[in-house]
Every structure is written in structure tokens, then in C-alpha cells.
Amino acid sequence: MQTTQTLTVELGTEELPPKSLRNLAATLEQNATQALEHLGLSYTQCRSYASPRRLAIVVTDLVVQQPTQTLERRGPALSAAFDAQGQPKPAATGFARSCGVSVAELERMETPQGGWLIYRRSSPGQATLALLPEIIRKIYAELPIAKRMRWHDGTHEFIRPVHWLLALYGDAIIPLQLYGVTAGHLTYGHRFHHPAALVLANADAYPGSLSSMGWVIADFNARQAQILEQITAKAKELGGFPLYDAALLDEVTALVEWPVVITGSFAPEYLALPSEVLIAVMQGHQRYFPLQDAQGQLLPRFITISNITSRQPEVVQAGNERVLRPRLADAAFFWARDQRKSLGERIETLKSIIYQAKLGTLHAKAGRLAHLSRLLAITLQQDPDLAERAAWLAKTDLTTDLVGEFPELQGTLGKYYAHNAGEPEAVAVALEEHYAPRSSGATLPQSAGGQILALADKLDT
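Basis of the calculations
Residues numbered from 1 in each chain as written. Predicted model: local features only at pLDDT ≥ 70, side-chain atom pairs only at ≥ 80, totals over all residues. Heavy atoms only, no water. Phe/Tyr/Trp six-rings, centres within 6.5 Å; stacked < 30°, edge-to-face > 60°. Helix = DSSP H or I, 4+ residues; strand = E, 2+ residues; numbered from the N terminus. Buried < 20%, exposed > 50% of the residue type's maximum accessible area, 1.4 Å probe, protein only. Axes fitted to C-alpha atoms, helices over the stretch in contact; angles between N-to-C directions. Parallel < 35°, antiparallel > 145°, perpendicular 65-115°, else oblique. Left-handed = near helix turned anticlockwise from the far one by under 90°. Contact = heavy atoms within 4.5 Å. Nonpolar A, V, L, I, M, F, W, Y, C, P; charged D, E, K, R; others polar. Pairing = 2+ DSSP bridges.

(A) Representation of the packing of aromatic side chains. In this structure the tally under the stated criterion is nine aromatic pairs. Aromatic pair Tyr244 and Phe289: ring centres 6.2 Å apart, planes at 80°, arrangement edge-to-face. With Tyr244 in the loop between strand 13 (241–242) and helix 7 (246–255) and Phe289 in strand 15 (residues 289–292), the pair connects residues that are 45 residues apart, well separated along the chain. For Phe289, a relative accessible area of 0% puts it in the buried group. On the basis of an interplanar angle of 55° and a centroid distance of 5.9 Å, the ring pair of Phe333 and Phe334 is categorised as tilted.

(B) Quick peek at the packing of helix 6 (residues 220–237) against helix 7. Put simply, helix 6 and helix 7 touch, their axes get as near as 9 Å, and they point 110° apart. It follows that helix 6 is roughly perpendicular to helix 7 by the angle criterion. As for the relative orientation of helix 6 and helix 7, their crossing is right-handed in sense. Every residue of helix 7 that contacts helix 6 at Phe220, Arg223, Gln224, Ile227 and Leu228 is listed here: Leu249, Asp250, Val252, Thr253 and Ala254. Residue composition of the contact of helix 6 with helix 7, grouped by class: six nonpolar, two polar and two charged.

(C) Here's a closer look at the sheet that holds strand 2 (residues 45–51). The five strands lie next to each other as 2-3-1-7-8, forming an open sheet whose pairing is antiparallel. The two strands at the open ends of the sheet, each matched to only one other strand, are strand 2 and strand 8 (172–173).

(D) Representation of the pairing of strand 2 in the model. Here strand 2 lies mainly inside the structure; five of its seven residues are buried. Here strand 2 pairs with strand 3 (residues 54–63) via seven bridges, running antiparallel. Opposite Tyr49, over in strand 3, you have Ala56 as the bridge partner. Hairpin connection, strand 2 to strand 3: the antiparallel pair is bridged by two residues.

(E) How the structure looks around the packing of helix 8 (residues 275–285) against helix 9 (residues 313–338). Orientation of helix 8 relative to helix 9, taken along the N-to-C sense of each, is 145°, at an axis distance of 10 Å. Considering the relative orientation of helix 8 and helix 9, their crossing is right-handed. Between helix 8 and helix 9, the contacting residues are Val277, Leu278, Val281, Met282 and His285 on the first element and Leu324, Arg327, Leu328 and Ala331 on the second. Along the lines of polarity and charge, the residues of the contact of helix 8 with helix 9 split into seven nonpolar, one polar and one charged.

(F) Representation of the sheet that holds strand 6 (residues 114–123). Taken together, three strands build an open sheet; the order of strands is 4-6-5 and the sheet is antiparallel. Each of the sheet's edge strands pairs with one partner strand only, and the pair in question is strand 4 (69–77) and strand 5 (107–111). Between one strand and the next, the sheet's axes are offset by a mean angle of 40°, whatever the strand orientation. One ladder, built from seven bridges, connects strand 4 with strand 6; its direction is antiparallel. Counterpart to Thr70 in the pairing with strand 6 is Ser122.

Following this line, the structure appears as C-alpha cells:
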């Protein structure tokens, strides 16, 4: 008789939030391991799978029977349970009665803190198949979902509407209803390449059947590795290197089930824009991977990941380029218009922007920063005039159109505008650095001017 089986559970949904998918998968795996271990159900491996339309868990070699369970209940201390003649007191008889046994059937346990009465009872474990419905409900119900939604006229709530539930233990369908859907042995492939149902004979057929027949790579890490391999190879072919961070790679991985690399290009004249702007447009707005050369200069090329193997990839490429073009044109327009007015000329504009109702305008804040920065510069034996000038200009880039479009570039664009207006290098650098560190563990201001302005800004706040 087989003593272990594979457990596979897949919740099929509408497209899940891409920025949350990795965390949802990791938490699902953690919930499953904790639930199984709490019930004493041993297994070899527990692994989560996640794609835009599914959250799944596969547990290999999960025992078919829960081991014998030992109930242990501690009673009163021996000193309170028996009198000097060794006769049971009410505390002992009451504890025995609550356990359904006589005092003589209770055991004694010695600890460094003293002796105690204790009740132990062994009971046979339950069949794993009988325990699984409640385990599955629990591991999905405890996912970290900030905003749950309802769909149709039902009362069920989840992060997205649920359309199917695959739940197999070996070749047996787990008797379960979850979010209004009855468990079965069906899963569904890629929305376009294989929208029809896939019948799984047993739990071991997942995720192999999805990748071989359904056009879905369900393993998040495997899919991400394939994306990274594709963009690296394609970038090398184009003579460049891809630009990305972990957050972008995670988000792109969460947007596709069958990754296919697509290249594209844009007009070289847009390279006159600050590289940070181009990167923000391509990465933040379009989820594209910009390319740079060996010297770190941006190339007028990009790579994107499609969720489909197209018979006409040139049409997909043209579509991606067409979407990017107006965004770059807008950025170039804002960049040119912003520079019609220098940062120094924008100081007065700060008077019309409320910083905080009881603390006045951004102009008032700039005045406080100027005062603090001058004091700090004198104390640290730095140039107080440069420190004060940087303080007055620190928040002026907030009035520009380009920072309005890309708020994450505040300070960075201030540096560029200061350079273009002929401000001293120390002032320009301080404008960028005074927001540092932008997060825990991030880079600290490196220049003296940046350190002074950063301190002043944080002290004022």
C-alpha cells in the first residue's frame, strides 16, 4: 500500500496584481508548510507556483495518514493536588473529572519548577485526504491581500475573481468547495495559445502538462530565469547590456505565462534627454528593458517581453514602438519647456504651494532650510553661501512639468536643471543628494553640500 502521495492545488483566477505575485506565492508556500507541520504531516518538498492566472502549491511525498496524536494536558501542581497523607485534594479530583478519568489514571511529571499532575491520551491520526479541505481553505484565506473583491452576486472575496480549482491528492479529487468553485482535476492553459481545459490524471502531472501542452510556465523562478536568459542573449546580439532591477524583473515575470522576447527602437534624438528620464519612461511606464553600451551610455533600443508567440512579431514590435513614441515626445516637450524658466526664477513659485497647513508654503520651508543650511555649513567649515543657495533651490524642481510626470526623479532632475542654468557644481550635486537616503540601506549623500542639505531637510521635517 502506498504511504505517500503528491498534493497539487491550483486556484485559477483572473489576472493577479503583478507587483504582489511573488509575495503571494512565497506566503502561500509558507502557509502550506506551517499548516502541514502543525498537523504532523510529513513530506519531501513543498513548492509554490504562480503566474498571472494561477496560484498553486505542490507537495511531494505527503504521507497518507497522520501519525498517532498524543494529547497532553497539564493539571495542578502536586503540592496543590495532594494533602500530607497523599490523599487527593479537590484540585486533583476536579482535574481528573474534567479529563474523564480517575485520579489514579493521571500521570506525574517532574520539572525543575516542581511536580505536576498530567493527563496523556493517544489517538490514531486521521487520513490526510480528510484533513486537506480545511488545510487548503486556511492557506488561501491567510494570504496577505490588502483589498479583497467580490464578483457576480456572490459573497466570496478574494484578490481577483476565481474561475477554477484544481485539487488532487494522488489521483483522487479532494472534496472541497472554495470561493464558490468545486474542486476538480481540470486546469487551463494559456489564455490565447491553449484556452481549453487540460485534464490531469494525477497530481504529479502538474506543472509538466501545463508547459508541454498548455503553453504555461507555472514556476515563477523558472519563468524569470528564462526571461533573464532571453533578454541577456538578445541584448548581446544587439551589442548592448540590459538595464533592470529586481522589482522590474519580478513585475515582468508576473505579467506573462509564456515569455517571448521582442526588440524595439526609438529615434536617436531622444538620447539628448537625461538618461534617467528615458529609463523611467521605458521601465516605469512600459515595463521595457533599456539597453546601454559598454561605456554605460543608453542605446536607442529596448527589449520587451511578450506573453504570446506571434506569427507576426514585427507587428508586435511596431506596436511597442508606437506606444513608446508619444511618451518620449511628451518628455522631450516638458524638458524643453521647463528650461524656459531657471530654478532661481522658480523660487517665487514656491509661495503658491502649500507644504503643510500649519507650516506654511514650500517657500517658507525653503527659507527654513536656508537658515539651517547656513548654520550647519559654518559649523562644519563649509561655504555657507553655497549651502544657502542650494537650500533655496532644493524644492524648485517640484514646480517643473517633468517632475510632475516623474515624481520619482525629484532631485535628480533638479541637478540637471541647475547644471543647465549655470549653477555651481556643488549646488547641483546637493539638489540631487539631499533626498538621500531614499530608502533603508540606500546610498547616503556623498558631498559636503549634499550632507548639509539632507540634514537640514530632515531636521526641518
